[in-house]
Amino acid sequence: MKEQVEGKTKKKKSALSFAIEFFIKIAVTALVVAGLVIFVVGIYVNHSNSCYPMIKDGDLVITYKLNTKYALDDEIGYLHDGKIKFGRIVARTGDVVDIREATLTVNGYGVYENAVYPTTAEGATIEFPYTVPADTVFVLNDYRSDPTDSRMYGGIKIADTKGKIFLLLRRRGF
């Protein structure tokens, strides 16, 4: 079947050529999405309340992996014992962290936080004052009563971080 288009003959596309074109587009799209998920963003479901109220149990958390130059107060994802955890950076390499009488200090100064999180050394397995080792960050949960953070693990290696949180999707109705 041929059509005349401005003096040129053009063949009509068959169903097979449309199908091949469609599947090529799907394959290219899938490769681009896979590349983004592997190298640029991390997609995780939170299974704890350690960062409550910022991140609730069941929330979908999306991190940006490419920037590992974290700032203080950044909320990040990190691996510990094969599980993804989330926490807030309160100190970086070389900083001295101290927790005394429910007061958190870094380098001798009280830490300013947007919300008041009473922080204690109860349950800690490290000694305070603690100097954050090279290539690590000191991470605390927002729910400070849960000491499963740097108070137990020490500094979190930058290599174990999974990126800065840039998007949260809440479970509906919670």
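The model shown is predicted, which means the values in this text are computed figures rather than measured ones.

1. A short note on the sheet that holds strand S8 (residues 103–106)
Taken in spatial order, the four strands line up as S9-S8-S7-S10 in an open sheet, and their pairing is antiparallel. In this open sheet, the two edge strands, each paired with only one partner strand, are strand S9 (109–110) and strand S10 (130–131).

2. Notes on the environment of Gly-42
Along the polypeptide, Gly-42 turns up in strand S3 (residues 41–45). Along the sequence, Gly-42 and Lys-164 sit 122 residues apart, while their C-alpha atoms lie 9.4 Å from each other. Not counting the four nearest positions on each side in its chain, Gly-42 is found in contact with Val-61, Ile-62, Thr-63 and Lys-65.

3. Some points on the side chain of Thr-136
Position of Thr-136 relative to the elements: it lies in strand S11 (residues 136–140). The class of Thr-136 is buried, set by a relative accessible area of 7%. A distance of 2.6 Å separates the side chain of Thr-136 from the backbone oxygen of Pro-133, its partner in a polar contact. In this structure Thr-136 touches Arg-92, Thr-93, Gly-155, Ile-156, Lys-157 and Ile-158, once residues within four positions along its chain are discounted.

4. Details of unusual backbone geometry
A cis amide bond, omega 10 degrees, links Tyr-52 with the succeeding residue Pro-53. Its place among the elements puts Pro-53 in the loop between S3 and strand S4 (60–64). Of note, the amide linkage connecting Phe-128 to Pro-129 takes the cis form, showing an omega dihedral of 0 degrees. Even without being glycine, Asp-81 reaches a positive phi, approximately 55 degrees. Within the secondary structure, Asp-81 is located in the loop between strand S5 (75–80) and strand S6 (83–92). In this structure, Asn-107 is a non-glycine residue whose phi angle is positive, near 55 degrees. Given the relative accessible area of 40%, Asn-107 is considered partly exposed.

5. Quick look at the environment of Pro-53
Take Pro-53: its relative accessible area is 43%, and that puts it in the partly exposed class. Placed 90 residues apart in sequence, Pro-53 and Tyr-143 show a C-alpha to C-alpha distance of 7.4 Å.

6. What to know about the environment of Glu-101
Here Glu-101 shows up in the loop between strand S7 (96–100) and S8. Of the residues examined, Glu-101 reaches a relative accessible area of 80% and is grouped as exposed.

7. A look at the nonpolar core
Residues Val-90, Ala-91, Val-97, Ile-99, Leu-104, Val-106, Ile-126, Phe-128, Tyr-130, Val-132, Phe-138 and Leu-140 constitute the largest nonpolar core, which totals 12 residues. If we ignore the near neighbours within four places in the chain, the residues touching Leu-104 are Val-90, Val-97, Asp-98, Ile-99, Tyr-109, Gly-110, Val-111, Thr-119, Leu-140 and Arg-144. Counting seven residues, the second-largest nonpolar core is a separate cluster that includes Tyr-70, Ile-89, Val-137 and Val-139.

What counts, and where the lines are drawn
- Residues numbered from 1 in each chain as written.
- Predicted model: local features only at pLDDT ≥ 70, side-chain atom pairs only at ≥ 80, totals over all residues.
- Heavy atoms only, no water.
- Pairing = 2+ DSSP bridges.
- Helix = DSSP H or I, 4+ residues; strand = E, 2+ residues; numbered from the N terminus.
- Contact = heavy atoms within 4.5 Å.
- Buried < 20%, exposed > 50% of the residue type's maximum accessible area, 1.4 Å probe, protein only.
- Polar contact = N/O pair within 3.5 Å; in protein donor to acceptor, adjacent residues only side chain to side chain.
- Core = buried A, V, L, I, M, F, W, Y, C linked by side-chain atoms within 4.5 Å.

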